[in-house]
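Breakdown of the fold
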Amino acid sequence: MKNDAFDFLKQHIGKEVSTSPSPFMNWLRPTMLVVEEGKLVFQYTIRNEMTNPYRTLHGGIIAAIIDDAIGATLISYGEPYFYPTINNAIDYFASARENDVILAETSINKKGERVVNAQCEIWNQDKTRLLAKGYTNLLRTDIK
């Protein structure tokens with residue numbers, strides 16, 4: 001079965017995202033590294049406006065990256081339905097600073113008829129330090 005959404009994502013491997021339907025993803029400016037059905041890897045460079053007063057990556061930005069990256073991962077299935085997040089649980093382990101490069105690696109744990117359980121790990125660039133890990137449930141709506 002042809003999956004135009006998957007093909008669209010594949011065309012962006014190695015490129016900075018700037019034409020996403022999500023204005024927030026365009027603001028985050030990730031680079032797409034890996035596209036597989038149910039798995040994406042993004043790379044982000046931490047900018048000043050993403051930091052807190054201690055000049056480390058703001059926890060809210062980490063949460064937003066996790067939520068946005070998982071949402072994009074659902075697009076890889078090519079379904080026309082909207083899946084809003086119904087919960088988001090995040091563990092924070094380490095920090096990152098301005099100009100650091102981080103990776104967000106998503107995976108779908110279970111894709112049910114109505115509910116999807118997914119996760120996203122946030123790593124430093126060489127994957128030697130796990131910065132955060134989030135789990136999310138999303139609910140399929142009838143909105144296309």
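Residues numbered from 1 in each chain as written. Predicted model: local features only at pLDDT ≥ 70, side-chain atom pairs only at ≥ 80, totals over all residues. Heavy atoms only, no water.

The condition is simple: UniProt positions are given in the numbering used here, feature names are shortened, and annotations may be inferred rather than shown by experiment.
As annotated in an unreviewed UniProt entry, the chain is Hotdog fold thioesterase from Flavobacterium cerinum. Of the comments in the UniProt record for the chain, the one headed Sequence similarities (unreviewed entry) reads "Belongs to the thioesterase PaaI family."

Some words on the packing of aromatic side chains
This is how the line gets drawn: Ring geometry is summarised as follows: Phe, Tyr and Trp rings, the Trp one being its six-membered ring, pair when their centres sit within 6.5 Å, and such pairs are stacked at plane angles under 30 degrees, edge-to-face over 60 and tilted between the two. Secondary structure is summarised from DSSP: a helix means a run of H or I of at least four residues, a strand means a run of E of at least two, and numbering begins at the N terminus for each. Exposed residues in this analysis have more than 50% of their type's maximum accessible area, buried residues have under 20%, and partly exposed residues fall in between, with area computed by a 1.4 Å probe over protein chains only. Charge over a ring is defined by NZ of Lys or CZ of Arg lying within 6 Å of the ring centre and within 35 degrees of the ring normal.
In total, this model carries two aromatic pairs according to the counting rule given. Between Phe24 and Trp27, the aromatic rings sit 5.7 Å apart at their centres with planes inclined by 25°, giving stacked as the arrangement. Residue Phe24 and its partner Trp27 are both found in helix α2 (residues 23-28); the two are separated by three residues, about one turn of the helix. A relative accessible area of 33% means that Trp27 is categorised as partly exposed. Here Phe42 and Tyr44 contribute two aromatic rings whose centre-to-centre distance is 6.2 Å and whose plane-to-plane angle is 50°, an arrangement assigned as tilted. Assessed through its relative accessible area of 0%, Phe42 is described here as buried. Between the NZ or CZ atom of Lys111 and the centre of the ring of Tyr77, over which it lies, the distance is 5.1 Å.

Description of the environment of Lys39
By secondary structure assignment, the location of Lys39 is in strand β2 (residues 39-45). In the structure, Lys39 is positioned 67 residues away from Thr106 in sequence and 5.3 Å away in space, judged by C-alpha atoms.

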